[in-house]
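Observations on the three-dimensional arrangement
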Amino acid sequence: IKMRLPLALVANVRLLNSGLRIRHSIHNGVIKTSLLSSHNICSRAERKWIKPAGFDTGVKTYNSLTKQKEPLVLAQERIATWYSCGPTVYDHAHLGHACSYVRFDILQRILSRIFEINVIHVMVITDIDDKIIQRSLEQNISPTVLARMHEEEFKRDMQALRVLPPAVYMRVTDNIPQIVAFIKRIIGNGHAYVTSQGNVYFDTQSIGNRYGKLVNLGGIAGELGAQDKRDPRDFALWKASKPHEPHWESPWGQGRPGWHIECSTIASSVFGSQLDIHSGGIDLAFPHHENEIAQSEAYHQCEQWGNYFLHSGHLHLKGSVEKMSKSLKNYVTIKDFLKSYTANEFRLFCLLTRYRSAIDYSDASMNEARSTLSTISAFCHNAQAYMQGHLQCQPTEEGILWERLSATQSSVRKALADDFDTPKTMDAIMSLIHHGNCQLQPATKVDGPRSPAVFGAMLSYVREIMGVFEVDLLDRKEVHDSSGVLNNVVEELVHFRSKVRKFALSVEDQAPQDPHTGSEIQKRHPQPDRVPLLKDCDALRNNLAPLGVHIKDRGTNSTWEITRRGETRKD
């Protein structure tokens, strides 16, 4: 139900322009209005973003506060304070969650590895919430036990996807005293009120039109279900306890924190009154992040608490306009996903779109990522084989490749500095690989100098950039059985096979002659009694491929690599 301000209060809004702020309250149905000097509060009439003073990183990022790209300026040189909203641990994490966490993990790695910025990342775990309470009642277990189970599962999922853990995870239930103190100060600053039911609400009218920094609030109603609020936009800082719910003591009676206050409190407990970067999915912009901003600036009495708000786009099932979510029951758990695809492939999938764009998930889009990864891996394998002398090619245009490499390095850095443009980065990498592949064509007869150095440089750079994104081209973490012992066994097996195959391919000592001309017939064949050996060599190669050992025959030489079981590589 939307509430309207009494006309007397509406008239008094004019006083806002005179440097005074209205504070009103209702007692026994009587409206009381008081004026507070604006210099004692952290509000300004307009919602204008203030460019931070500090150190320019050379990076531009899209800031949800301004709806445009802004130079990323940090308060401390080469140090970025970063807060992110973690999971509400009442169920399995799904691929929609993973997409957001992987995308921001990639951004943090770019800042760290490319721009040499030390990212200090803090994440909150919401371990008390309406959904947690409801699910614990359904399963007849303690809310604490339920939350711990899913918290550990979430951490395992993130590790499987190679998401760097934050500097610290913070649980809501470990910070109740800090949250109570945070709320008390907001009340003391005149920006919250206590109701007769024991609830505490943030007073959105107390900050005028500063409420709505992230979104246009025209026509937006507030949280439903509460009957004791002054304004529908007001939101709960403290919820009075209900029967059979977990609760904590407070000056306002037994209860538990509201959802938004936990993030403001915990972020402030670590980073104080200034935060460089705040991240989360686009669905958190309102009301969660909007409310975080309001209560944090009311607490700190500051004009701008968070300098940059970064939001990731939703993950959609292809053909659906709805985001992947638990409530819609259209989700894929991370554990189930990793039965069909690898962390490498999912990270490639995320790299192929901008982090703030919506992304369609389907078998086709995952196969595109798998194909791209296969092309990159095949190039790295072939470049290595060429350097080792196992792959014979005609002389390459070395100067052109050096120029291509230099241009790629420049364009990649430029793309990543432009709001972390990973699709443009991947285009540049794939273009470099294409030009390298054009000059890595096998030749049976080689005449001229070789150019292993340029391919070594290209190989190192491709591995370096993909390593920044934590795409492991060596499959060290996904091929669990590729130990040093196994590598040596495969090496000996392939070496033995190569000798047998070379013997089987040797032609007859005396080539047959054309009876009409007396000249040798140019086409030569293996000796007939050696053909079965050649077939057995081919059969061994084909049989090893499904087991993860991929052998490539290069004339009379052979190279090999261990791949994910069942995967094939592009030659």
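Structure first, text after, so check above.
Below you will find a few notes about this structure. Throughout this document, residue positions are counted from 1 along each chain, in the order its sequence is written. Only residues with pLDDT of at least 70 get local features here, since the model is predicted, and only at 80 or more are side-chain atom pairs given and counted; chain-wide, interface and lining totals rely on the full set of residues. Hydrogen atoms and water are omitted, and side-chain values are computed over all heavy atoms in the structure.

Scanning the protein chain from terminus to terminus reveals 15 helices and 17 strands. Residues count as neighbours in contact if any of their non-hydrogen atoms are within 4.5 Å of one another. Considering only intrachain contacts with a sequence separation of at least 6, the fraction spanning at least 24 residues in the protein chain is 73%. Per-residue and other accessible areas follow the Shrake-Rupley method at a 1.4 Å probe size, with only the shown protein chains counted as cover for residues. In the structure as shown, the protein chain presents an accessible area of about 27500 Å², 52% of it carried by carbon and sulfur atoms. Note on conventions: DSSP H or I runs of at least 4 residues are helices, E runs of at least 2 residues are strands, and numbering of each starts at the N terminus.

With that out of the way, let us pick up the sheet that holds strand β10 (residues 235-240). In short, DSSP must find at least two bridges between two strands for them to pair. With antiparallel pairing, four strands are arranged side by side in an open sheet as β8-β9-β10-β11. In this open sheet, the two edge strands, each paired with only one partner strand, are β8 (192-194) and β11 (255-257). Sheet twist, expressed as the mean angle between neighbouring strand axes with direction ignored, is 20 degrees. Bridging between β10 and β11 involves three bridges; their strand directions are antiparallel. If you follow Trp 238 over to β11, its bridge partner there is Pro 257. The angle between two axes is taken between their N-to-C directions and runs from 0 to 180 degrees, where each axis is a line fitted to C-alpha atoms and a helix contributes only its stretch in contact. Of the strands in this sheet, β9 (200-202) and β10 touch helix α7 (residues 285-300), which is tilted by about 80 degrees from β10.

Let us now look at the sheet that holds strand β13 (residues 306-312). The sheet built from five strands is open, its strands ordered β7-β6-β5-β12-β13 with parallel pairing. Bordering the open sheet on either side are β7 (168-171) and β13, each of which pairs with just one other strand. Sheet twist, expressed as the average angle between the axes of neighbouring strands with direction ignored, equals 25 degrees. In terms of strand pairing, strand β5 (residues 79-88) meets strand β6 (residues 118-126) through eight bridges, oriented parallel. From the neighbouring strand, Ser 84 faces β6, where its bridge partner is Met 123. Strand contacts of helix α2 (residues 95-113): β5, β6, β12 (275-281) and β13, with the helix running at about 170 degrees to β5, the strand carrying the most contacts.

With that out of the way, let us pick up the pairing of strand β3 (residues 55-63). In summary, the side chains of a regular strand alternate between the two faces of the sheet. Of the strand pairs in this sheet, β3 and strand β4 (residues 68-74) are connected by six bridges, and their pairing is antiparallel. Residue pairing for β4: Tyr 62 is matched across the bridge by Lys 69. Once β3 ends, the chain turns through four residues before running back antiparallel as β4, passing Lys 67 with a positive phi of about 60 degrees.

Moving on, we come to the nonpolar core. Grouped together as the largest cluster of nonpolar side chains are 121 residues, with contacts concentrated most on Tyr 83, Phe 346, Met 466 and Phe 469. By residue number, the principal contributor to this core is α2, which donates 10 residues. In this structure, this core is formed jointly by two domains, domain 1 (60-351) and domain 2 (383-469), each of which donates at least three residues. Sequence-distant contacts of Phe 469, that is, excluding residues within four places in its chain, are made with Ile 106, Arg 109, Ile 110, Arg 347, Leu 351, Leu 416, Thr 422, Thr 425 and Met 426. Core analysis: the second largest hydrophobic core is formed by seven residues, Val 490, Val 494, Val 549 and Ile 562 among them. Nonpolar cores were defined as sets of buried Ala, Val, Leu, Ile, Met, Phe, Trp, Tyr and Cys residues, with membership established by side-chain atoms within 4.5 Å. Each residue gets one of three labels from its accessible area relative to the maximum for its type: buried under 20%, exposed over 50%, partly exposed in between, using a 1.4 Å probe on protein chains only. What fixes the domain bounds is an automatic or database domain assignment.

The next point concerns the side chain of Asp 234. Note on placement: Asp 234 falls in the loop between β9 and β10. When charges are counted, neither His nor the chain ends are considered; positive counts come from Lys and Arg and negative counts from Asp and Glu. Salt bridges, as used here, are contacts in which a Lys or Arg side-chain nitrogen is within 4 Å of a carboxyl oxygen on Asp or Glu. Of the buried charged residues, Asp 234 lacks a salt bridge, with Arg 233 as the closest side chain of opposite charge at 5.8 Å. Under the rule applied, a polar contact is a pair of N or O atoms within 3.5 Å (in protein, one hydrogen donor and one hydrogen acceptor; residues adjacent in sequence only if both atoms are side-chain atoms). A polar contact of 2.6 Å, which involves the side chain of Asp 234, links it to the side chain of Tyr 193.

Turning our attention to the pairing of β5. The buried fraction of β5 amounts to eight of the 10 residues, a majority that puts the element mostly inside the structure. By convention, a crossover is right-handed whenever its connection, traced from the first strand over the helix to the second and viewed with the strands pointing away, goes clockwise. On the question of chirality, the crossover connecting β5 to the parallel β6 by way of α2 is right-handed.

Each pair of aromatic rings is reported with the distance of its centres and the angle of its planes. Geometry of aromatic contacts follows a simple scheme: Phe, Tyr and Trp rings, the Trp one being its six-membered ring, pair when their centres are within 6.5 Å, and the pair is stacked under 30 degrees between planes, edge-to-face over 60, tilted otherwise. Counted according to the given criterion, the structure contains 16 aromatic pairs. Taking the centre distance of 5.9 Å and the plane angle of 40 degrees together, the rings of Tyr 193 and Tyr 201 count as tilted. The same class applies to Tyr 193 as to Tyr 201, namely buried. Aromatic rings pair up to connect Phe 337, Tyr 341, Phe 346, Phe 349 and Tyr 361 into one cluster. Geometry around Tyr 193 places Arg 230 over its ring, the cationic atom sitting 4.0 Å from the centre. Sitting above the plane of the Tyr 386 ring, Arg 450 keeps its charged end 4.5 Å from the centroid. Two limits define a charge over a ring: the Lys NZ or Arg CZ must be within 6 Å of the ring centre, and within 35 degrees of the ring normal.

On to a nonpolar patch on the surface. Every patch collects residues that have over 30% relative accessible area and no salt bridge, joining them within 9 Å if they carry like charges and within 5 Å if they are nonpolar side chains (Val, Leu, Ile, Met, Phe, Trp, Tyr). The grouping of Ile 141, Val 145 and Met 149 at the surface amounts to a nonpolar patch, some 240 Å² of accessible area in total. Tracing the backbone through its elements, the reader meets Ile 141 in the loop between α3 (130-139) and α4 (143-160).

To estimate the expected span of a helix, subtract one from its residue number and multiply by 1.5 Å. When the terminal C-alpha atoms of α4 are compared, their 26 Å separation across 18 residues agrees well with the 26 Å that a helix rising 1.5 Å per residue should span. Each element contacted by the buried residues of α4 is listed here: β5, α2, β6, α3, β7 and α8 (334-337). The opening residue of α4, the one whose side-chain oxygen lies 3.1 Å from the backbone nitrogen of Thr 144, is Ser 142.

So, on to the environment of Arg 501. Looking at the element boundaries, Arg 501 is found in helix α14 (residues 484-505). A sequence separation of 30 residues divides Arg 501 from Val 531, and the C-alpha atoms of the two residues are 9.7 Å apart. Beyond its immediate stretch of four places on either side in the chain, Arg 501 contacts Leu 534, Cys 537, Asp 553, Gly 555, Thr 556, Asn 557 and Ser 558.

Moving on, we come to the pattern of salt bridges. The full count for this structure, using the stated rule, is 28 salt bridges. When the shortest N-O distance is used, the salt bridge between Arg 148 and Asp 127 registers 3.2 Å. Of this pair, Arg 148 sits in helix α4 while Asp 127 sits in the loop between β6 and α3, and the two are 21 residues apart along the sequence. Here Asp 127 falls in the buried class, since its relative accessible area comes to 3%. A salt bridge links Lys 339 to Asp 336, with the nearest nitrogen and oxygen atoms 3.3 Å apart. The network of salt bridges with shared partners includes Glu 151, Glu 152, Lys 155, Arg 171 and Asp 174.

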